[in-house]
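As a plain string of letters, each chain reads:
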Amino acid sequence: ATDPALIQATEDTKMMCSDADESPTSPLPASVSAPGSTSVAALIADADGGALGERLAAMGLDASRSSSFAAAAARLLAAGVAPETRATAFWVPGRIEVLGKHTDYAGGRSLLCAVNRGFSVVAADRDDAVLRVFASFELTGE
């Protein structure tokens, strides 16, 4: 059985990262709607300017999470990535497994729920075959 929350999260991620050319009236900010034409600096500007927060809120997510996208993009800048480097933003939602842990992939049933926690990922293009992963943590004390 496929988890409906996972299906919705996948669809939401596709909406966040879809190409703006597919929908000329896209409500997404440029930093999210056109991953092929946005930059690290534009992502920070959209997060700081509130456009990304509005999009997250429209999807039922916490708008304050846009700061984690800005933090991830700022971490790239601190690592020496140029501000004009092409970038893509992703939101990976969290989930809680209430019942049925390790049974879903074996054909059994499980009870899951989505949570308003997750991972903000900002990926920047490179000219080589190197993958570098940086972590930025936002501890809120919640």
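The rules behind the values
Residues numbered from 1 in each chain as written. Predicted model: local features only at pLDDT ≥ 70, side-chain atom pairs only at ≥ 80, totals over all residues. Heavy atoms only, no water. Helix = DSSP H or I, 4+ residues; strand = E, 2+ residues; numbered from the N terminus. Buried < 20%, exposed > 50% of the residue type's maximum accessible area, 1.4 Å probe, protein only. Contact = heavy atoms within 4.5 Å. Areas by Shrake-Rupley, 256 points an atom, 1.4 Å probe, with all protein chains shown as cover. Salt bridge = Lys/Arg side-chain N within 4 Å of Asp/Glu carboxyl O. Core = buried A, V, L, I, M, F, W, Y, C linked by side-chain atoms within 4.5 Å. Arc of directions from axis to C-beta. Axes fitted to C-alpha atoms, helices over the stretch in contact; angles between N-to-C directions. Parallel < 35°, antiparallel > 145°, perpendicular 65-115°, else oblique. Left-handed = near helix turned anticlockwise from the far one by under 90°. Nonpolar A, V, L, I, M, F, W, Y, C, P; charged D, E, K, R; others polar. Patch = residues over 30% accessible without salt bridge, like charges linked within 9 Å, V, L, I, M, F, W, Y side chains within 5 Å.

Looking only at helices and strands, one finds five helices and two strands in the protein chain. If you list the helices and strands of the protein chain from N to C, you get α-α-α-α-α-β-β. Across the 142 residues that make up the protein chain, the buried fraction comes to 30%. In the protein chain, of all internal contacts separated by at least 6 residues, the share reaching a separation of at least 24 is 59%. When the accessible area of the protein chain is evaluated, it comes to approximately 8,700 Å², of which 57% is carbon and sulfur surface.

The tally for this structure, following the rule as stated, stands at three salt bridges. For Glu-97, the salt bridge is made with Arg-95, and the minimal N-O distance between the two is 2.9 Å. Owing to a relative accessible area of 30%, Glu-97 belongs among the partly exposed residues under this scheme. Here Asp-128 makes a salt bridge to Arg-126, at a shortest N to O gap of 2.8 Å.

Val-40, Leu-43, Leu-52, Phe-69, Ala-73 and Val-122 are the most contacted members of the largest nonpolar core, which has 17 residues in total. Broken down by element, this core gets its largest block of residues, five residues, from helix H5 (residues 66-78).

Okay, helix H4 (residues 51-58) next. Along H4, the residues classified as buried are Leu-52, Gly-53, Arg-55 and Leu-56. Considered in projection along H4, the buried side chains sweep an arc of 160° and stay on one side of the axis. Exposed and facing more than 90 degrees away from the buried side of H4 are Glu-54 and Ala-58.

H5 packs onto helix H3 (residues 40-49) with a crossing angle of 150° between their chain directions and a minimal axis gap of 9 Å. Judged on the interaxial angle alone, H5 and H3 are roughly antiparallel. Between H3 and H5 the crossing geometry is left-handed. On H5, the residues touching Val-40, Leu-43, Ile-44, Ala-47 and Asp-48 of H3 are Ser-66, Phe-69, Ala-70, Ala-73, Ala-74, Leu-76 and Leu-77. When the residues that make up the contact of H3 with H5 are grouped by side-chain class, the tally is 10 nonpolar, one polar and one charged.

Turning next to a nonpolar patch on the surface. Together, Phe-90, Val-92, Phe-119 and Val-121 line one region of the surface with nonpolar side chains, adding up to about 340 Å² of accessible area. Looking at the nonpolar patch, the elements with two or more residues in it are strand S1 (87-99) and strand S2 (111-124). Take Phe-90: it is sitting in strand S1.

Right, let's get into the environment of Phe-119. One can find Phe-119 in strand S2. A C-alpha to C-alpha distance of 9.1 Å links Phe-119 and Phe-69, two positions 50 residues apart in sequence. Setting aside residues no more than four positions away along its own chain, Phe-119 makes contact with Phe-90, Trp-91 and Val-92.

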